[in-house]
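So the chains spell out like this:
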Amino acid sequence: MTPQLIDPFGRKIEYLRLSVTDKCNLRCFYCLPKGYNDFNPTSQQLTQDEIVRVVSAFTEMGVRRVRLTGGEPLVRKDLIELSTRLSRLPGLEDLSLSTNASLLAQHARGLKQSGITRINVSLDTLKPERFRNINGGELSDTLEGLMAAKAAGFAPLKINMVAMKGINDDEFNDMVNFCLEHDFTLRFIETMPISAAGRKGSEHYLDLHDVEKQLQKSFEFIPGVMPGGGPARYVQVKGSNLRIGFITPISQHFCETCNRVRLTASGTLFLCLGHEHMIELRETLRQDLNDMELKTLLNNALALKPERHNFTDRSQQVVRFMSKIGG
Ligand code: SAM
């Protein structure tokens with residue numbers, strides 16, 4: 001019988017975050033250092049067939065949702081073909097994408113046709129100069145990408161904003177108003193001390209409970225809306241459809257409901273964002289491994305899933321970049 005994915009703490013794993021490339025065309029200072037270029041060679045990247053094979057094994061064991069991430073997923077040349085194949089896998093209910101949207105304008109329609117159901121866009125500021133300082137990119141490209149995704153029929157589009165003291169803490173109201181105007185969902189994220197870059201970002205850490213209090217001076221919130229499979233706690237802005245989510249890995253971790261694992265572009269399966277527990281799949285996949293053996297391997301890997309991350313007590317321990325593991 002095909003095993004179902006249940007970890008040692010009784011958590012059912014039904015969500016896979018799939019990094020399709022470790023390459024990124026931006027350098028968010030809290031994610032990748034400026035000038036960083038030490039990406040994996042293509043030979044070390046899982047091929048399209050290898051990805052489809054692993055995801056297929058996962059879906060046969062109960063994974064229902066897959067999010068394509070990176071690096072920047074749109075940098076991968078065969079992304080549309082890959083998502084078309086993944087979206088057809090039996091059992092997969094939701095295929096979503098996280099992107100910085102800088103290349104989205106030319107791909108939005110193709111992505112929609114390929115079966116991507118939802119898109120999250122990372123956007124930390126609405127000021128062009130500040131955007132350049134945070135990540136080296138052009139705000140206009142990302143805004144164009146966002147609008148193209150909206151025109152292609154992606155709804156609700158979610159904006160992910162990393163809240164940072166001294167960087168963008170004067171823009172929370174503006175971002176709420178921007179999302180009200182365009183009918184986007186907004187999610188605030190706390191900085192996580194992942195890698196040296198993440199620790200640099202964490203120097204600007206803001207507890208989102210304080211952000212929420214700050215917003216309540218201008219907006220009235222209805223709490224407890226949109227409970228979902230994810231880590232965000234949502235409120236709704238009274239008198240509107242706008243939902244605002246708070247993702248608080250540091251001030252209030254949500255590990256007890258963790259339902260996910262992460263596969264990197266080079267085939268490493270990580271069991272937790274905040275630990276080094278992993279198994280290497282790429283070379284095994286390139287040997288003579290049958291589907292049942294692959295499933296047994298994936299199922300056995302769950303024994304390594306830790307109960308919770310340790311960002312607050314042992315923040316030095318995660319050395320790899322967020323872009324490698326797939327944020
Ligand atoms: N390039 C895609 C994007 O921009 O959404 C996908 C990958 S990116 C690593 C995924 C998310 O991780 C982004 O929303 C980014 O802001 C977030 N992220 C990266 N480093 C982070 C950190 N140290 N703390 C909190 N969020 C981080």
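Below you will find a few notes about this structure. (Residues numbered from 1 in each chain as written. Predicted model: local features only at pLDDT ≥ 70, side-chain atom pairs only at ≥ 80, totals over all residues. Heavy atoms only, no water.)

### A look at unusual backbone geometry
Here the bond from A155 into P156 is cis, since omega is -5°, no more than 30 degrees from zero. Relative to the helices and strands, P156 resides in the loop between α5 (139-151) and β5 (158-162). Phi is positive for A101, which is not a glycine, with a value near 70°. Relative to the helices and strands, A101 resides in the loop between β3 (94-99) and α3 (108-114). By relative accessible area, A101 is classed as buried at 0%. Here S195, not a glycine, exhibits a phi torsion of approximately 70°, which is positive. Looking at the secondary structure, you find S195 in helix α7 (residues 195-202). On the basis of relative accessibility, which here comes to 0%, the residue S195 falls in the buried class. (Helix = DSSP H or I, 4+ residues; strand = E, 2+ residues; numbered from the N terminus. Buried < 20%, exposed > 50% of the residue type's maximum accessible area, 1.4 Å probe, protein only.)

### Some details on the site of the ligand
Neighbouring the ligand are 17 residues, the closest being Y30, G71, E72, S122 and M192. Contact distances for the ligand include 2.7 Å between an oxygen atom and a side-chain N or O atom of S122. In this structure, a nitrogen atom belonging to the ligand sits 2.8 Å away from a main-chain N or O atom of M192. When the ligand is considered free in solution it has 550 Å² of accessible area, and contact with the protein chains removes 94% of it. At the level of secondary structure, the elements contributing two or more residues to the shell around the ligand comprise β2 (65-70) and β3. Here the residues of the shell around the ligand sort into five nonpolar, ten polar and two charged. (Near = heavy atom within 4 Å. Polar contact = N/O pair within 3.5 Å; in protein donor to acceptor, adjacent residues only side chain to side chain. Areas by Shrake-Rupley, 256 points an atom, 1.4 Å probe, with all protein chains shown as cover. Nonpolar A, V, L, I, M, F, W, Y, C, P; charged D, E, K, R; others polar.)

### Observations regarding the nonpolar core
L68 and F188 are the most contacted members of the largest nonpolar core, which has 74 residues in total. Sorting elements by how many residues they give to this core places helix α1 (residues 48-60) first, with six residues. Not counting residues within four places of it along the chain, the set of residues in contact with F188 comprises M161, A163, F172, L208, V211, L215, I244, G245, F246 and I247. The next biggest cluster of nonpolar side chains, apart from the first, holds 20 residues, and it includes C31, M164, Y234 and I325. (Core = buried A, V, L, I, M, F, W, Y, C linked by side-chain atoms within 4.5 Å. Contact = heavy atoms within 4.5 Å.)

### A look at the environment of R85
Turning to its location among the elements, R85 is positioned in helix α2 (residues 79-87). Taking relative accessible area as the criterion, R85 reaches 31% and is therefore assigned partly exposed. Excluding residues that lie within four positions of it along the chain, R85 makes contacts with Q48, D49 and V52.

### Section: the packing of aromatic side chains
The full count for this structure, using the stated rule, is five aromatic pairs. Pairing Y36 with F39 gives two aromatic rings, centres 5.4 Å apart and planes at 80°, and the pair type is edge-to-face. We note that Y36, like F39, is buried. A connected cluster of aromatic rings, assembled from ring pairs, spans F172, F188 and F246. When the ring centre of Y15 is taken as origin, the NZ or CZ atom of R65, which lies over that ring, is 4.3 Å away. Above the face of the F154 ring, K112 is positioned so that its terminal group lies 4.8 Å from the ring centre. (Phe/Tyr/Trp six-rings, centres within 6.5 Å; stacked < 30°, edge-to-face > 60°. Lys NZ or Arg CZ within 6 Å of the ring centre and 35° of its normal.)

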